[in-house]
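Residue strings, one per chain:
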Amino acid sequence: MSIDLRSDTVTKPTSEMLRVMMNAEVGDDVFGEDPTVNALEDKVAECFGMEAGLFVPSGTMGNQLCIKVLTRPGDEVMIEEKGHIFNYEGSAAAIFSSVQLHTVKGQRGKLSADLLWDRPRGQFDWEPRTRVISLENSTNKGGGACYTRKELNALRKFADEHDLRIHLDGARLWNAVIATGIDPAFFGRVADTINVCFSKGLGAPVGSMILSSKEHIRRARRFRKAMGGGMRQVGILAAAANYAMDHHWSKLEEDHRRAKELASTINTCGGLSIDPDSVETNIVIFDLLEEKAETALQKLGQHGVQMVPFGPQTVRATLHHQVTDDDVANVQQVLKQLFD
Ligand SMILES: *Cc1c(COP(=O)(O)O)cnc(C)c1O
């Protein structure tokens with residue numbers, strides 16, 4: 001038995017997805033001639049209420065292209081301290097955009113207009129110029145938490161009052177849409193730029209997309225080429241992303257249900273601690289009361305269950321469509337056996 005809960009990036013293409021990839025109509029996308037890519041860019045942009053989209057190799061490149069088009073060197077980007085852009089992108093914002101990240105401690109990876117009220121700077125010559133609020137939805141390190149419509153409206157209002165732009169790292173925006181029921185087009189009204197990933201819970205092997213105005217996307221396209229992200233007959237990958245959007249998006253609901261089921265078992269184990277209400281999507285973060293994450297992960301591994309450390313005594317488990325109800329039942333049994 002081997003059940004891989006390390007990440008929702010570990011999924012493999014299904015045979016049906018592979019069939020669609022093999023039959024994809026392709027062309028040279030650097031020339032703008034790949035019909036499968038062009039159709040996907042239009043479809044995703046329309047879905048999220050934006051003018052245009054740009055297919056990119058990874059979420060990291062997507063986020064960094066958005067920061068690049070929204071800032072000038074020396075600008076400041078405000079971000080919650082658990083943010084992926086701050087923690088997991090190799091200081092790329094400093095390398096490619098020469099911007100400063102201003103981290104703010106929020107709740108479960110989320111910022112709020114109230115937290116930011118006295119933060120924007122730039123009035124005096126000696127201050128950094130705050131330019132962007134970078135949000136994540138759902139949050140990764142924040143445990144899969146989602147913003148409410150009200151929270152996002154307040155952040156948009158705040159951004160407008162202070163002449164700030166909003167970037168939305170929506171690697172798992174698909175999950176947030178399913179969990180909250182918010183119309184995807186709403187996010188296009190809240191954010192100036194959005195990044196979505198096809199290679200997380202959606203289950204495509206590769207690919208992300210940035211969404212914004214035609215002008216921003218035109219500029220991002222130039223920077224994508226400069227960063228080495230111009231790909232040729234990439235319709236093969238766009239076909240997988242399109243398939244995932246059509247066939248896997250609605251299934252995220254099952255991942256969320258399974259995550260909650262796992263959390264309720266964790267809650268009953270004497271050696272583990274979790275707030276089951278904190279599980280909103282496919283990510284389950286829990287604490288070990290009596291041992292180190294390292295030791296616990298080793299024991300889990302011996303029972304065929306893989307998770308990742310998220311702190312000295314904290315572990316993350318992530319659900320995805322290749323983890324079945326039977327798998328979850330097995331994991332629940334192993335957890336009870338080891339930690340109750
Ligand atoms: C995975 C992820 C990304 C992008 O990661 P890549 O591995 O570069 O595709 C960006 N933001 C969040 C919140 C993520 O979880």
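Worth saying up front: this structure is predicted, and the values here are computed from it rather than measured. (Residues numbered from 1 in each chain as written. Predicted model: local features only at pLDDT ≥ 70, side-chain atom pairs only at ≥ 80, totals over all residues. Heavy atoms only, no water.)

1. Some remarks on the pattern of salt bridges
- Evaluation of the coordinates by the stated rule reveals 22 salt bridges.
- One connected set of salt bridges, linked through shared partners, spans E254, D255, R257, R258, E261 and D325. (Salt bridge = Lys/Arg side-chain N within 4 Å of Asp/Glu carboxyl O.)

2. Considerations on helix α13 (residues 293-302)
- Considered for burial, the residues of α13 that qualify are A293, A296, L297 and L300. Looking straight down α13, one finds that the buried residues subtend no more than 100° of arc, so they occupy a single side. Facing away from the buried side of α13 by more than 90 degrees, the exposed set consists of E294, Q298 and Q302.
- Lining the buried residues of α13 we find β10 (283-288), β11 (305-306), β12 (308-311), β13 (314-318) and α14 (325-339).
- G304 sits one or two positions beyond α13 and adopts a positive phi of about 80°. (Buried < 20%, exposed > 50% of the residue type's maximum accessible area, 1.4 Å probe, protein only. Helix = DSSP H or I, 4+ residues; strand = E, 2+ residues; numbered from the N terminus. Arc of directions from axis to C-beta. Contact = heavy atoms within 4.5 Å.)

3. Some points on the domain arrangement of the protein chain
- We note that the domain assignment places domain 1 (15-247) and domain 2 (251-339) within the protein chain.
- Inter-centroid distance (C-alpha atoms) of domain 1 to domain 2 is 28 Å.
- Counting from both sides, the interface comprises 19 residues of domain 1 and, opposite them, 13 residues of domain 2.
- Both faces considered, domain 1 and domain 2 share a buried interface measuring about 1300 Å² in area, 54% of it formed by carbon and sulfur atoms.
- Note that R108 is salt-bridged to E280, the shortest N-O span being 3.0 Å.
- Here the side of domain 1 that touches domain 2 gets four residues from one element, more than from any other, and that element is helix α8 (residues 173-180).
- Split into classes, the residues belonging to the side of domain 1 that touches domain 2 amount to seven nonpolar, nine polar and three charged. (Domains from an automatic or database assignment. Buried area = accessible area lost by both parts, 1.4 Å probe. Nonpolar A, V, L, I, M, F, W, Y, C, P; charged D, E, K, R; others polar.)

4. Some words on the sheet that holds strand β4 (residues 100-104)
- Taken together, seven strands build an open sheet; the order of strands is β2-β8-β7-β6-β5-β3-β4 and the sheet is mixed. A single partner strand is all that each edge strand has here, and the edge strands are β2 (52-56) and β4. Strand-to-strand twist of the sheet, defined as the mean angle between neighbouring strand axes without regard to direction, takes the value 20°.
- One ladder, built from four bridges, connects strand β7 (residues 193-197) with strand β8 (residues 208-212); its direction is antiparallel. (Pairing = 2+ DSSP bridges. Axes fitted to C-alpha atoms, helices over the stretch in contact; angles between N-to-C directions.)

5. As for the site of the ligand
- As a structural note, the neighbourhood of the ligand is formed by S58, G59, T60, N63, H84, E89, E136, N140, D169, A171, R172 and K200.
- Measuring from an oxygen atom of the ligand, one finds a backbone N or O atom of G59 at 2.8 Å.
- The fraction of the free accessible surface of the ligand (380 Å²) that becomes covered by protein chains is 83%.
- Element by element, the count of residues in the shell around the ligand is highest for helix α3 (residues 59-70), at three residues.
- Of the residues assigned to the shell around the ligand, the class counts are one nonpolar, six polar and five charged. (Near = heavy atom within 4 Å. Polar contact = N/O pair within 3.5 Å; in protein donor to acceptor, adjacent residues only side chain to side chain. Areas by Shrake-Rupley, 256 points an atom, 1.4 Å probe, with all protein chains shown as cover.)

6. A few points about the nonpolar core
- Of all hydrophobic cores here, the largest spans 52 residues; its most connected members are V44, F48, I133, W174, I194 and F198.
- Here the element with the most residues in this core is helix α11 (residues 235-247); it accounts for seven residues.
- Leaving out residues up to four positions away in the same chain, F48 has contacts with L173, W174, V177, P184, A185, F187, G188, I194, V196, L211 and W249. (Core = buried A, V, L, I, M, F, W, Y, C linked by side-chain atoms within 4.5 Å.)

7. Focus on the side chain of Q332
- Counting through the fold element by element, Q332 comes out in helix α14.
- Owing to a relative accessible area of 16%, Q332 belongs among the buried residues under this scheme.
- Beyond its immediate sequence surroundings of up to four residues, Q332 is in contact with E261, L262 and T265.

8. A look at the packing of aromatic side chains
- Within this structure, the stated rule accounts for seven aromatic pairs.
- Aromatic pair F124 and W126: ring centres 4.9 Å apart, planes at 0°, arrangement stacked.
- Given a relative accessible area of 69%, W126 falls into the exposed group.
- Linked through ring pairs, F48, F55, W174, F198 and W249 together constitute an aromatic cluster. (Phe/Tyr/Trp six-rings, centres within 6.5 Å; stacked < 30°, edge-to-face > 60°.)

9. Focus: the side chain of N282
- Within the secondary structure, N282 sits in the loop between β9 (272-273) and β10.
- Within the structure, the side chain of N282 is placed 3.0 Å from the side chain of D8, a separation counted as a polar contact.
- Setting aside its immediate chain neighbours within four residues, N282 contacts D8, R172, N175, D255, H256, A259, A317, T318 and L319.

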